[in-house]
Amino acid sequence: MGTLYYGDSGTPIGIEDRALAHLKVAITTKLRRNESFTFSWRHTEDQPRGRSTLWMHPSIPLRFVFDEPERPELSVRWIEELMRSANSTGGIELVPEYLDTGPIPTDPGQPVRVGVDVQEIEHSDDEEEATT
């Protein structure tokens, strides 16, 4: 669980590391352009029911802290969704990542194999003598 620190607020915001990494890209892109916007999220189940919104402004200190030392692989699609919402009147809405679970496209020229194909390898007489 990562943490977002905003302004001098004594209340850090806990956000899952992968989501926080994607938000970092969207938020810093907007702030680098000197653009202000809102950032909203629904409270997690361990918090009181509801949602929160922050006014994000380039002059307010912001810090992202990640629990995991390795950077996750980023989803361009998720970042695009966050940026679309950032450019709307409602601001960035933390939405779950869309995971594409559809079939993986294949190249018609490549065979498609399921499972492992194990075959015995036949050695020539020369190879057998070399191994004994």
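One can find the structure itself at the top, above this paragraph.
In this text the structure is predicted, and so the values were computed from the model without any measurement.

(A) Molecular detail of the overall build of the protein. Counting secondary structure elements, the protein contains three helices and six strands. When its helices and strands are written in sequence order, the protein yields β-β-α-β-β-β-α-β-α. Considering only residue pairs separated by 6 or more positions, the protein has 56% of its internal contacts joining residues 24 or more positions apart.

(B) Highlighting the nonpolar core. Ile-15, Ile-27, Phe-39 and Ile-92 are the most contacted members of the largest nonpolar core, which has 22 residues in total. Counting only elements with at least two residues in this core, the list comes to strand S1 (2-6), strand S2 (13-15), helix H1 (17-32), strand S3 (37-42), strand S4 (51-56) and helix H2 (76-86). Excluding its chain neighbours within four sequence positions, the residues that come into contact with Ile-15 are Met-1, Gly-2, Thr-3, Leu-4, Leu-20, Leu-23, Phe-39 and Leu-94.

(C) Representation of the layout of surface pockets within the structure. If you add up the space inside the largest pocket, you get close to 370 Å³. Every residue lining the largest pocket is counted, 17 residues in all, and those nearest its centre are Ile-15, Ala-19, Arg-42, Thr-44 and Leu-94. Here the element with the most residues in the lining of the largest pocket is S2; it accounts for three residues. By residue class, the composition of the lining of the largest pocket is nine nonpolar, three polar and five charged.

(D) The arrangement of the packing of H1 against H2 in detail. In the contact formed by H1 and H2, the axes pass within 9 Å of each other and the chain directions differ by 45°. The angle between the axes of H1 and H2 places the two elements in the oblique class. Crossing hand, H1 versus H2: right-handed. Every residue of H2 that contacts H1 at Arg-18, Ala-19, His-22, Leu-23, Val-25, Ala-26, Thr-29 and Lys-30 is listed here: Trp-78, Ile-79, Leu-82, Met-83 and Ala-86. Looking at the contact of H1 with H2 residue by residue, the classes come out as nine nonpolar, two polar and two charged.

So, how was this worked out
Residues numbered from 1 in each chain as written. Predicted model: local features only at pLDDT ≥ 70, side-chain atom pairs only at ≥ 80, totals over all residues. Heavy atoms only, no water. Helix = DSSP H or I, 4+ residues; strand = E, 2+ residues; numbered from the N terminus. Contact = heavy atoms within 4.5 Å. Core = buried A, V, L, I, M, F, W, Y, C linked by side-chain atoms within 4.5 Å. Buried < 20%, exposed > 50% of the residue type's maximum accessible area, 1.4 Å probe, protein only. 1 Å grid on protein atoms, 1.4 Å probe; cavity = no way out; pocket = protein on both sides within 12 Å on 5 of 7 lines; lining within 4 Å. Points joined across faces, edges and corners; volume = space filled by probe spheres on them. Nonpolar A, V, L, I, M, F, W, Y, C, P; charged D, E, K, R; others polar. Axes fitted to C-alpha atoms, helices over the stretch in contact; angles between N-to-C directions. Parallel < 35°, antiparallel > 145°, perpendicular 65-115°, else oblique. Left-handed = near helix turned anticlockwise from the far one by under 90°.

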